[in-house]
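# Examining the three-dimensional arrangement
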Amino acid sequence: AARKRLDEEVSRLQGQLADAEPELRRARREARDQEQRADALEASMAGEWGFWGHLLQNFITQHVAAFLAGCFGLMAVAGPMTYIQTFKVLLASFLGGLLVASCIGYYCAPDDGGWLDNASLILNGEGAFAEYLAFFAVTFAGVLRYRLGWDWVLYDIVDEAYVSTQVGSNLKTPLLQASGASPRPSSRSAVEEDG
């Protein structure tokens, strides 16, 4: 009787093992698929960072990069005025160049993705030659404009105003009489002469 129970237990366990084998194969397949997806995601993330991001991720330790980025950002707000002015010029020129280049990329191939996708491609080092040409031209023009002091404003600023110290001295006679011109008749006197 014990032998029979033992044989039944063995056959039951073999049945469970046979039932579990397909589940085990399925679980291994899912694990392999998940691993492939993780590898693909990791590869796409590495490609997403582009040349500069890859350089920053691998060349400089993250502690140093984070510290330098924080220092540059803090000095942009609380640093000396010469640094702040230079930072504003460089950042504004860089951003202006990126905006122009991504606009060119979008209108040259509007079906390839959105405008932000083109900006991302440029930052990742995957843009077209014309986009990089526009990017560097606008960036260089912005920095050059600052260095040459070329103001391009839509308004004028008066630095100094000259005020006479003799207030009212030249306001004693009407302006037209002082210049020798005959005064124009007022509208009342013209009506009175006609009437």
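Structure: above.
Residues numbered from 1 in each chain as written. Predicted model: local features only at pLDDT ≥ 70, side-chain atom pairs only at ≥ 80, totals over all residues. Heavy atoms only, no water.

## A closer look at the pattern of salt bridges
The full count for this structure, using the stated rule, is three salt bridges. For Arg12, the salt bridge identified is with Glu9, shortest N-O distance 2.3 Å. Taken together, the positions of Arg12 and Glu9, both in helix α1 (residues 2–59) and three residues apart, correspond to about one turn of that helix. What makes Glu9 partly exposed here is its relative accessible area of 34%. Taking the shortest distance from any N to any O, the salt bridge between Arg25 and Glu21 comes out at 3.6 Å. (Salt bridge = Lys/Arg side-chain N within 4 Å of Asp/Glu carboxyl O. Helix = DSSP H or I, 4+ residues; strand = E, 2+ residues; numbered from the N terminus. Buried < 20%, exposed > 50% of the residue type's maximum accessible area, 1.4 Å probe, protein only.)

## Focus on the layout of surface pockets
The calculated volume of the second largest pocket comes to roughly 180 Å³. Val89, Ala92, Ser93, Ala141, Gly142, Arg145, Tyr146, Gly149, Trp150 and Asp151 are the residues that line the second largest pocket. Elements with a contribution of two residues or more to the lining of the second largest pocket: α3 (81–108) and α5 (129–148). In terms of residue class, the lining of the second largest pocket is made up of five nonpolar, three polar and two charged. (1 Å grid on protein atoms, 1.4 Å probe; cavity = no way out; pocket = protein on both sides within 12 Å on 5 of 7 lines; lining within 4 Å. Points joined across faces, edges and corners; volume = space filled by probe spheres on them. Nonpolar A, V, L, I, M, F, W, Y, C, P; charged D, E, K, R; others polar.)

## Thoughts on the environment of Val77
Of note, Val77 is situated in helix α2 (residues 62–78). Along the sequence, Val77 and Phe87 sit 10 residues apart, while their C-alpha atoms lie 9.7 Å from each other.

## As for the packing of aromatic side chains
Counted under the stated rule, the structure contains five aromatic pairs. Residues Tyr83 and Phe87 carry aromatic rings whose centres are separated by 5.9 Å and whose planes lie at 25° to one another, so their mutual orientation is stacked. Linking Tyr83 with Phe87, this pair stays in helix α3, spanning four residues, or about one helical turn. Phe87 sits in the partly exposed class, given a relative accessible area of 28%. Consider the rings of Phe135 and Phe136, whose centres lie 5.2 Å apart with planes at 65°: the pair is edge-to-face. (Phe/Tyr/Trp six-rings, centres within 6.5 Å; stacked < 30°, edge-to-face > 60°.)

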